[in-house]
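Structural overview
Here is how the chains run, residue by residue.
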Amino acid sequence: MTYRDAMTTRARSRERRAEIVRAALDVIAERGYRGASLAAVAERVGLTQQGLLHHFPTKEALLVAVLEERDHWDALPGRRLRMDLLTALVEYNAMRPGIIQTFSALLGESVTDGHPARAFFTERYDRVRASMADLLRAEYGDRLPSGLTPERAAPLIVAVLDGLQYQWLLDPEAVDMPGTFRDFAVLLGEPVP
């Protein structure tokens, strides 16, 4: 096999893995993690279950790939998170309910003992809280206008973000997720929009 052939094969494999992850995201959104099967994902992408296992050896490996891909979509490469970007992320999330529903369902399921996404979410929340504390420190210094430290306020921002997502998913007509987050940002000390 030539170098060019090897590179083409790797590129096709990456494309196929990405296709599988997108299909898995759809299946999990429809059925939840426990109800999603590798066979259903394989069928969506025109593979046998054995063919899918070539790319992802276990259902858990596929789940982690789905979660990592979802976080990758929200990443701000080369840019530090700011309150205005966080508000823009909430607005963006309001345009993709299927992704938010899948994330929220997996988050809810992950609190059970032995769930394969539990470690992912535990580590993710450690990173997110640290990132929020960094954001708040950059915006307000060592104390927010309320007197809270960035480390004390960071879990509150995360709780508001996730709580708003659940409320919005349950009743999108009653909950203006971006508007409510902007209101929360005012409580932190942001200017009134």
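Please refer to the structure placed before this passage.
Quick look at the structure, then. (Residues numbered from 1 in each chain as written. Predicted model: local features only at pLDDT ≥ 70, side-chain atom pairs only at ≥ 80, totals over all residues. Heavy atoms only, no water.)

For the chain, the count of helices and strands is nine helices and zero strands. Its helices and strands taken in sequence order, the chain reads α-α-α-α-α-α-α-α-α from the N to the C terminus. A total of 193 residues make up the chain; the buried ones form 39% of that total. Within the chain, residue pairs in contact and separated by at least 24 positions form 61% of the contacts whose partners lie at least 6 positions apart. Mean positive and mean negative side-chain charge positions of the chain (24 and 27 charges, respectively) differ by 6 Å. (Helix = DSSP H or I, 4+ residues; strand = E, 2+ residues; numbered from the N terminus. Buried < 20%, exposed > 50% of the residue type's maximum accessible area, 1.4 Å probe, protein only. Contact = heavy atoms within 4.5 Å. Lys, Arg positive; Asp, Glu negative; His and termini not counted. Charge placed at Lys NZ, Arg CZ, Asp CG, Glu CD.)

Judged by nonpolar contacts, the single largest core of 53 residues is most densely connected at Leu62, Phe121, Ile157 and Phe181. Mapped onto this core, the elements with two or more residues apiece are helix 1 (3–35), helix 2 (38–44), helix 4 (59–74), helix 5 (83–93), helix 6 (97–110), helix 7 (118–140), helix 8 (150–170) and helix 9 (177–188). The element contributing the most residues to this core is helix 7, with nine residues. In contact with Leu62, not counting residues within four places along its chain, are Ile20, Val21, Ala24, Leu38, Val41, Leu52 and Phe56. (Core = buried A, V, L, I, M, F, W, Y, C linked by side-chain atoms within 4.5 Å.)

For the coordinates displayed, the defined rule picks out seven salt bridges. Taking the shortest distance from any N to any O, the salt bridge between Arg44 and Glu30 comes out at 2.5 Å. Of this pair, Arg44 sits in helix 2 while Glu30 is found in helix 1, placing the two residues 14 residues apart along the sequence. Residue Glu91 pairs with Arg182 through a salt bridge whose shortest N-O separation is 2.7 Å. One end of the pair, Glu91, is in helix 5; the other, Arg182, is in helix 9, and 91 residues separate them in sequence. Take Glu91: its relative accessible area is 34%, and that puts it in the partly exposed class. Overlapping salt bridges, with partners in common, bring together Arg137, Asp142 and Glu151 in one network. (Salt bridge = Lys/Arg side-chain N within 4 Å of Asp/Glu carboxyl O.)

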